[in-house]
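# Descriptive structure summary
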Amino acid sequence: MEVSVRLLRADEIECRVSVINEKGLSLLLFKDARVDQKILDETFTPFGWKRSHQAIDGNLYCTVEIWDSEKKEWIGKQDVGTMSYSEKEKGQASDSFKRACFNWGLGRELYTAPFIWIPAGMADIQKKGREGDQRYYTSERFSVQSISYNEERVIDSIVVVNSRGQAVYFMDMRKGISAKKKAGDKKLPDNHGDSGFISTKQMAEFEKELKRTGVALDMVLKRYRIQSVEQMTQEIYGKAMRSLKNSKDKKAA
């Protein structure tokens, strides 16, 4: 039986803060059980699949079965859920169901997601608690604005935005572009600026000003709390360029 489920759309993917500190935060991509149910219905019809749960050694397992019309029998795949801090049984039931769906290929492409790091300068990070016992948190919500995949069902481009719709992370491997690429790589697409980050033309102008003034790139990145030129937003670009244009030529200095 050949099974081919569609890839997740951007609006079906949720972002969850994984690690957060004074330097920034990392995001994980995930899907919920409702998305799994919808895709199962679309692919196999509401009557072409079923789920069941079974407790084994104190752990809750879920089996998702698909009807094989050729063999005239149900084919099942099973996985175990992890414990949830709230609503223990419901949490394990949902988690085991999602894991079983991963075995059928639903959302498996999320395993190919890049490491998504949002610098502190691009996220509203706050801290609470007394000195010596302070914790960092953010009230911001992040979402996937766009996403694409290659022929091997691997994520090859993604744009993440904050709750105000501002792009805070960009990755596009279709043209060799990544937020982790070394500064100076001029292979950015012409429409890169449409995502909220600087365009190819703006990058060239920025590098020209760096060369003219002799200002170190690392100094600019550190000042605006970003890791590479590719993470430079239009707002940061404007501030950096104004500062550079007010600086003297390297030879004059």
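Residues numbered from 1 in each chain as written. Predicted model: local features only at pLDDT ≥ 70, side-chain atom pairs only at ≥ 80, totals over all residues. Heavy atoms only, no water.

### Some details on the overall build of the protein chain
In terms of helices and strands, the protein chain carries five helices and eleven strands. When burial is assessed residue by residue, the protein chain has 43% of its 253 residues classed as buried. Sequence-distant contacts in the protein chain: of pairs separated by 6 or more residues, those separated by 24 or more amount to 52%. Here the protein chain displays about 15,200 Å² of accessible surface, and carbon together with sulfur accounts for 47% of that area. (Helix = DSSP H or I, 4+ residues; strand = E, 2+ residues; numbered from the N terminus. Buried < 20%, exposed > 50% of the residue type's maximum accessible area, 1.4 Å probe, protein only. Contact = heavy atoms within 4.5 Å. Areas by Shrake-Rupley, 256 points an atom, 1.4 Å probe, with all protein chains shown as cover.)

### Considering the pairing of strand β10 (residues 155-161)
Residues in a regular strand point their side chains to alternate faces of the sheet. Most of β10 sits inside the fold, with seven of its seven residues counted as buried. When strand β9 (residues 143-149) meets β10, the two strands line up antiparallel, connected through six bridges. Bridging across to β10, Tyr 149 finds its partner in Ile 155. Where β9 folds back onto β10 in an antiparallel hairpin, the turn is made up of five residues, including Arg 153, whose phi is positive at roughly 65 degrees. Relative to strand β11 (residues 167-172), β10 runs antiparallel, the two sharing five bridges. If you follow Val 159 over to β11, its bridge partner there is Phe 170. Counting the residues between successive antiparallel strands, the hairpin from β10 to β11 contains five residues, one of them, Gly 165, with a positive phi of roughly 80 degrees. (Pairing = 2+ DSSP bridges.)

### Observations concerning the pattern of salt bridges
Tallied over the full model, the rule gives twelve salt bridges. Across the salt bridge formed by Asp 11 and Arg 9, the nearest N and O atoms sit 3.3 Å from each other. Residues Asp 32 and Arg 34 are paired through a salt bridge, measuring 3.1 Å at the closest nitrogen-oxygen approach. Owing to a relative accessible area of 64%, Arg 34 belongs among the exposed residues under this scheme. Linked through salt bridges whose partners overlap, the residues forming this network are Arg 6, Arg 9, Asp 11, Glu 12, Lys 38 and Glu 42. (Salt bridge = Lys/Arg side-chain N within 4 Å of Asp/Glu carboxyl O.)

### Remarks on the pairing of strand β2 (residues 24-30)
Most of β2 sits out of view: six of its seven residues are buried. In terms of strand pairing, strand β1 (residues 14-21) meets β2 through seven bridges, oriented antiparallel. Along β2, the bridge assignment pairs Cys 15 with Leu 29. Where β1 folds back on β2, the antiparallel hairpin that results is connected by two residues. Two strands pair when backbone bridges link them, and β2 and strand β6 (residues 116-119) are joined in this way by four bridges, in the antiparallel orientation. Bridged to Leu 25 within β6 is Ile 118.

### Considering the environment of Ile 39
Summarising the element assignment, Ile 39 is placed in helix α1 (residues 33-44). Linking Ile 39 and Leu 106, residues 67 residues apart in sequence, is a C-alpha distance of 7.7 Å. Apart from residues no more than four positions distant in its own chain, Ile 39 is found in contact with Val 5, Arg 6, Leu 8 and Leu 106.

### Details of the side chain of Glu 140
You can see Glu 140 is positioned in the loop between β8 (135-138) and β9. Here Arg 164 takes part through its side chain, which lies 3.3 Å from a polar atom of the side chain of Glu 140. Beyond its immediate chain neighbours, meaning those up to four positions away, Glu 140 contacts Met 122, Ala 123, Asp 124, Asn 162, Ser 163 and Arg 164. (Polar contact = N/O pair within 3.5 Å; in protein donor to acceptor, adjacent residues only side chain to side chain.)

### Quick notes on the packing of helix α3 (residues 200-213) against helix α5 (residues 234-245)
It is the contact of α3 with α5, at a shortest axis distance of 10 Å, that shows an interaxial angle of 30 degrees. Our classification of the angle between α3 and α5 gives roughly parallel. Between α3 and α5 lies a crossing whose hand is left-handed. On α5, the residues that touch Gln 202, Glu 205, Phe 206, Glu 209, Leu 210, Arg 212 and Thr 213 of α3 are Gln 234, Tyr 237, Ala 240, Met 241, Leu 244 and Lys 245. Split into classes, the residues belonging to the contact of α3 with α5 amount to six nonpolar, three polar and four charged. (Axes fitted to C-alpha atoms, helices over the stretch in contact; angles between N-to-C directions. Parallel < 35°, antiparallel > 145°, perpendicular 65-115°, else oblique. Left-handed = near helix turned anticlockwise from the far one by under 90°. Nonpolar A, V, L, I, M, F, W, Y, C, P; charged D, E, K, R; others polar.)

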